[in-house]
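So you can see what is in the structure, the chains are spelled out below.
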Amino acid sequence: MKAEISPERLMARVASLGRIGALAGGGVCRLALSDADKAGRDWLVAEMEALGLTVFIDAIGNIWGLRAGTGAGAPVMIGSHIDTVATGGLYDGALGVLAGLEVVAALDGAGIETAMPIAVAAFTNEEGARFAPDMMGSGVYQGALDLDTMLATRATDGGGVVGEELDRIGYRGTDAPITPAAYLELHIEQGPVLEQEGTRIGAVTGVQGIHWTEFTVHGQSNHAGTTPMALRRDAGQVATRIALAADRIAAELGPPQVATVGVFELSPGLINVVPEQARLTVDLRNTDGAALDAPTARLLAEARAAAEAAGCTVEHRALARFAPVVFDEALVGKVAQAAAARQLSVKRMPSGAGHDAQMFAPDCPTAMIFIPSEKGLSHNVKEHSDKRDIVAGAQVLLDLVCDLAGAKT
């Protein structure tokens, strides 16, 4: 008997988790280690236990459920995350975890054992929306980030600390991480390419590099009407020049270089007061690690020059530095083969977004499966993927797991 995805069961789980942290008008907000994240975690653990999985939680709060194999050895791991940005959708990250649960349910329903164990994992703070850097849980899991440093990380809004928040919600565990034999992640594309080309499956070849930098500009507050422009120490104007420099640098370099100013805050934030302080973040990404170093260095130099010219000072700190990652070519090929076997069109493509998968790629065969995102929207309450594509992606994942884990039919 061949294992098949149950569309109704999978979509019911998507809807059920989507009600946790639901926003009025659509979308969800489950910021990492928030009360909504705790509720989502509690729901996930209950689902894992209902499937008979053995649940583990490690020191950074990663959760994974293990389905035993008939033989010993490392598991095939299916992973992603359930935390979201403040205005997130139902599918980013969550789909990968829920598809993992559905893989287990489908195998159980078909009475199929596997030689290798199967693990379904949900990693802490993949988004980095509340705590920087992103991919925190998987980064600690794989040794790319220091546990103690991450536990001491304070929220970007000045609020809670990671370790304290893990304790508060009851998810600072003690279990040792499981080393996977292979890592697979199903994800929405979060971009428009697959939909525009009419392609059903993306076989992801790797993840582009990411540099996150926070700038804090210090000037002097003063009266907006009586202070001549030439005599101002305007932190807001310097921050604006930094933001414009990021945009200009990306435009001059051209694709695949991109730049985004995601946070821009002025203090004291009054209409008739020259800002004395400004804080902004710049997200630079490129598929070429060497090519990413140059715009970062150039932006830092332009920030210093802008501050000096305005009589201000500027500080910066690196929030994240992730080099580009290339996925295992043989496993990427298996994704393409599994899609073709289901008569699904497939495209080999890089990921523009960061994913937990990139943390595993240096240490074990890793691959990702993309499905189309409607209108390319993600990190948006209108994020949506068609049920037909969701089921197709989950079926490719299931077929691949059966192949890698040695399904015994």
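These numbers come from a predicted model, not from an experiment.

Reading the values: rules and limits
Residues numbered from 1 in each chain as written. Predicted model: local features only at pLDDT ≥ 70, side-chain atom pairs only at ≥ 80, totals over all residues. Heavy atoms only, no water. Pairing = 2+ DSSP bridges. Helix = DSSP H or I, 4+ residues; strand = E, 2+ residues; numbered from the N terminus. Axes fitted to C-alpha atoms, helices over the stretch in contact; angles between N-to-C directions. Contact = heavy atoms within 4.5 Å. Buried < 20%, exposed > 50% of the residue type's maximum accessible area, 1.4 Å probe, protein only. Core = buried A, V, L, I, M, F, W, Y, C linked by side-chain atoms within 4.5 Å. Expected span 1.5 Å × (residues − 1). Polar contact = N/O pair within 3.5 Å; in protein donor to acceptor, adjacent residues only side chain to side chain. Salt bridge = Lys/Arg side-chain N within 4 Å of Asp/Glu carboxyl O.

A.B. asks: How do you make sense of the sheet that holds strand β13 (residues 313-322) when you look at a structure like this?
C.D. replies: Strands in a sheet are paired, the pairing made by backbone hydrogen bonds, and the direction either parallel or antiparallel. Spatially, β10-β12-β8-β13 is the arrangement adopted by the 4 strands of the open sheet, whose pairing is antiparallel. Every interior strand has two partners, whereas the edge strands, β10 (258-267) and β13, have only one. Averaged over all adjacent pairs, the angle separating strand axes in this sheet is 15°, with direction ignored. Where helix α8 (residues 235-253) meets the sheet, it contacts β8 (209-218), β10, β12 (277-286) and β13, and its direction lies at approximately 175° from that of β10. The strands touched by helix α9 (residues 289-309) are β8, β12 and β13; relative to β8, the strand with the most contacts, the crossing angle is about 5°.

A.B. asks: Is there a simple way to explain the side chain of Asp399 in this structure?
C.D. replies: Along the chain, Asp399 turns up in helix α12 (residues 387-405). Judged by its relative accessible area of 17%, Asp399 falls in the buried class. Ignoring anything within four residues of it in the chain, the contact list for Asp399 reads Lys2 and Arg342.

A.B. asks: What exactly am I supposed to notice about the nonpolar core here?
C.D. replies: If you look at soluble globular proteins, the nonpolar side chains tend to sit buried side by side. Within the largest apolar cluster, 102 residues are counted, with the highest numbers of intra-cluster contacts made by Phe327 and Leu397. If you look at the next biggest cluster of nonpolar residues, it comprises 22 residues, including Ala235, Val238, Ala245 and Cys312.

A.B. asks: What should I look at first to understand α8 in this one?
C.D. replies: Since the α-helix turns once every 3.6 residues, residues separated by three or four places project in the same direction. Taking 1.5 Å as the rise per residue, α8 with 19 residues should run 27 Å; its terminal C-alpha atoms sit 27 Å apart, in good agreement. Every buried residue of α8 is listed here: Ala235, Gly236, Val238, Ala239, Ile242, Ala243, Ala245, Ala246, Ile249 and Ala250. Elements that come into contact with the buried residues of α8 comprise β8, β10, β12, α9 and β13. You can read the cap of α8 off the contacts: a side-chain oxygen lies 2.8 Å from the backbone nitrogen of Gly236, and it is on Asp234. Within two residues after α8, Gly254 carries a phi angle of roughly 75°, on the positive side.

A.B. asks: It is not clear to me how unusual backbone geometry should be interpreted in this structure. Could you clarify?
C.D. replies: A negative phi angle characterises most non-glycine residues, just as the trans form characterises most peptide bonds. In the segment running from Ala132 into Pro133, the intervening peptide bond is cis, with an omega of 10°. Position of Pro133 among the secondary structure elements: in the loop between β5 (118-122) and α4 (136-141). Look at the link from Pro255 to Pro256: it is a cis peptide, with omega at 10°. Relative to the helices and strands, Pro256 is located in the loop between α8 and β10. One non-glycine residue, Gln190, lies in positive phi territory at about 65°. As for its position among the elements, Gln190 is in the loop between β6 (182-188) and α7 (193-197). Even without being glycine, Gln343 reaches a positive phi, approximately 60°.

A.B. asks: So what exactly am I meant to see when it comes to the pattern of salt bridges here?
C.D. replies: Pairing between side chains becomes possible if they bear opposite charge and their charged atoms approach one another. Counting across every chain of the model gives 23 salt bridges. Here Arg67 ties to Asp108 by a salt bridge, and the two come within 2.9 Å at their closest N and O atoms. Here Arg67, found in strand β2 (residues 63-67), pairs with Asp108, found in helix α3 (residues 94-109); they are 41 residues apart in sequence, far enough to count as distant. Among the residues examined, Arg67 registers a relative accessible area of 13% and is labelled buried. Overall, Asp108 belongs to the partly exposed group, its relative accessible area being 37%. A salt bridge links Lys334 to Asp403; its shortest N-O distance comes to 3.0 Å. One end of the pair, Lys334, is in helix α10 (residues 329-341); the other, Asp403, is in helix α12, with 69 residues separating them in the sequence. Look at Lys334 and you get partly exposed, because its relative accessible area is 29%. By relative accessible area, which is 44% here, Asp403 ends up partly exposed.

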